[in-house]
Amino acid sequence: MHSLQFSVPLLPTSRFKRHSVRCASDRQQLFNRIAPVYDNLNDLLSLGQHRIWKRMAVSWSGAKTGDSLLDLCCGSGDLTFLMSEKAGADGKVIGLDFSKEQLSIASSRRYLLSKACYNNIEWVEGDALDLPFSNGYFDAITMGYGLRNVIDKRRAMQEMFRVLKPGSRVSILDFNKSMQPFTALFQEWMIDNVVVPTATVYGLAKEYQYLKTSIDEFLTGKELEKLALDAGFSYARHYEISGGLMGDLVAAR
Ligand SMILES: C/C(=C\Cc1cc(O)c2ccccc2c1O)CCC[C@H](C)CCC[C@H](C)CCCC(C)C
Ligand SMILES: C[S@@+](CC[C@H](N)C(=O)[O-])C[C@H]1O[C@@H](n2cnc3c(N)ncnc32)[C@H](O)[C@@H]1O
């Protein structure tokens, strides 16, 4: 299956916000710009570790054979492909994102990665804050490095709750806003002294500087657990991984 739906019209970018990433449209354009180098920079800058973190997130979602699965903010499709392997030929996976360029990369990768099960993937261009799906539709949801990037985190959590079947789980992987001073300092040092200088080579310094701002403005693990419980989830637990650099919120409806 392969269908690209029309994107949800987002707020026009103000000319005064040239270098800010404050509104949805700014973020949409940021991820369109980094799409061509996104996967390679993730592999280089995390020494390939992000692929392990993503496998953990998919495993903790509880996705299984025959399921209807959703990968929110799918980007270039890393988690979508992993969810596709979990669902198998009898299941189906929707990868949703509002970046045309990211979805274009994901869709083209589908043909480069020649696993038969990838026929169960549908790519949807849409907004995580206004999902085009009915209530209680999905058996599991993943969201990799997406929650930190949406404008309204409460609304995103409410939408995930709405479209999830009762008793099912979401698994939300992202950077961890650590309360441990050393971890926070190391994370900041790596972004300032490795990530941004590397991105500068590709003319993407401002785009990767946004990473640091977005982590500073993100929620701690405990705050993420409360966000999920406030949205109606019956269970929520935030697991720190890779020494607290990353974290995964698992919540059950
Ligand atoms: C897959 C990863 C990040 C995805 C990602 C998320 C965003 O919100 C972005 C926003 C703007 C630009 C880019 C991104 C983006 O790529 C995590 C791994 C890739 C990171 C860029 C590297 C982070 C390095 C760690 C802080 C330290 C790693 C230490 C060790 C090598 C494991
Ligand atoms: C850092 S990328 C993560 C991509 C992929 N999940 C991964 O783990 O590599 C964040 C993605 O979230 C998407 N995104 C941000 N806000 C969104 C929204 N409101 N609706 C849909 N997608 C959104 C961006 O377009 C981008 O592709």
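Residues numbered from 1 in each chain as written. Chains lettered and ligands numbered in written order. Predicted model: local features only at pLDDT ≥ 70, side-chain atom pairs only at ≥ 80, totals over all residues.

Let us now look at the overall build of the protein. Check the secondary structure of the protein and you find eight helices and seven strands. What you see for the protein is a C-alpha radius of gyration of 17 Å, in line with the 18 Å of a compact globule of 253 residues. Along the longest, intermediate and shortest principal axes, the C-alpha atoms of the protein span 45 × 35 × 35 Å. A buried classification covers 40% of the 253 residues belonging to the protein. Across the protein, contacts joining residues at least 24 apart in sequence account for 71% of those joining residues at least 6 apart. (Helix = DSSP H or I, 4+ residues; strand = E, 2+ residues; numbered from the N terminus. Rg over C-alpha atoms; globule rule 2.2 N^0.38 Å. Buried ≥ 20, exposed ≤ 12 C-beta atoms within 10 Å, placed from the backbone. Contact = placed C-beta atoms within 7 Å.)

Around ligand 2, a shell composed of 21 residues is seen, among which Phe31, Cys73, Gly75, Ser99 and Gly144 lie nearest. At the level of secondary structure, the elements contributing two or more residues to the shell around ligand 2 comprise helix H1 (24-45) and helix H3 (78-87). With four residues, H1 is the single largest residue contributor to the shell around ligand 2. Per-class residue counts for the shell around ligand 2 are ten nonpolar, seven polar and four charged. (Near = placed C-beta within 6 Å. Nonpolar A, V, L, I, M, F, W, Y, C, P; charged D, E, K, R; others polar.)

Before going further, it helps to spend a moment on the pairing of strand S6 (residues 235-241). Two elements, S6 and strand S7 (residues 246-252), share seven bridges in a ladder whose sense is antiparallel. Pairing of Tyr239 across the sheet is with Asp248, part of S7. A loop of four residues connects S6 with S7, the two strands running antiparallel in sequence, and Ser242 in this loop sits at a positive phi of about 55 degrees. (Pairing = 2+ DSSP bridges.)

Now for the nonpolar core. A general feature of soluble globular proteins is that nonpolar side chains tend to end up buried together. With 49 residues, the main nonpolar core has Leu69, Leu70, Leu72, Met83, Ile141, Met160 and Ala228 as its most contacted residues. Of the residues forming this core, the biggest block, five residues, is contributed by H3. Counting nine residues, the second largest nonpolar core, distinct from the first, contains Phe31, Ile34, Ile191 and Leu204. (Core = buried A, V, L, I, M, F, W, Y, C linked by C-beta atoms within 7 Å.)

With respect to spatial proximity, 22 residues lie near ligand 1, and among them Leu45, Ser46, His50, Tyr145 and Met190 are the closest. Every element with two or more residues in the shell around ligand 1 is listed here: H1, helix H2 (49-61), helix H6 (181-201) and helix H7 (205-216). Per-element tally for the shell around ligand 1: the top contributor is H7, with five residues. For the shell around ligand 1, a count of residues per class yields twelve nonpolar, eight polar and two charged.

The next point concerns the pairing of strand S3 (residues 121-125). Relative to S3, strand S2 (residues 92-97) runs parallel, the two sharing five bridges. The partner of Gly95 across the bridge, within S3, is Trp123. Each parallel crossover has a hand, and for S2 linked through helix H4 (residues 100-112) to S3 it is right-handed. (Right-handed = clockwise from strand over helix to strand, strands pointing away.)

Here we take up the packing of H1 against H4. Axis separation between H1 and H4 bottoms out at 7 Å; the angle between their running directions is 30 degrees. The pairing of H1 with H4 is recorded here as roughly parallel in orientation. Here Phe31, Asn32 and Ala35 of H1 lie close against H4, whose contacting residues are Lys100, Glu101, Gln102 and Ile105. Residue classes in the contact of H1 with H4 are distributed as three nonpolar, two polar and two charged. (Axes fitted to C-alpha atoms, helices over the stretch in contact; angles between N-to-C directions. Parallel < 35°, antiparallel > 145°, perpendicular 65-115°, else oblique.)

Everything listed is a geometric property; what it means functionally is a separate question.
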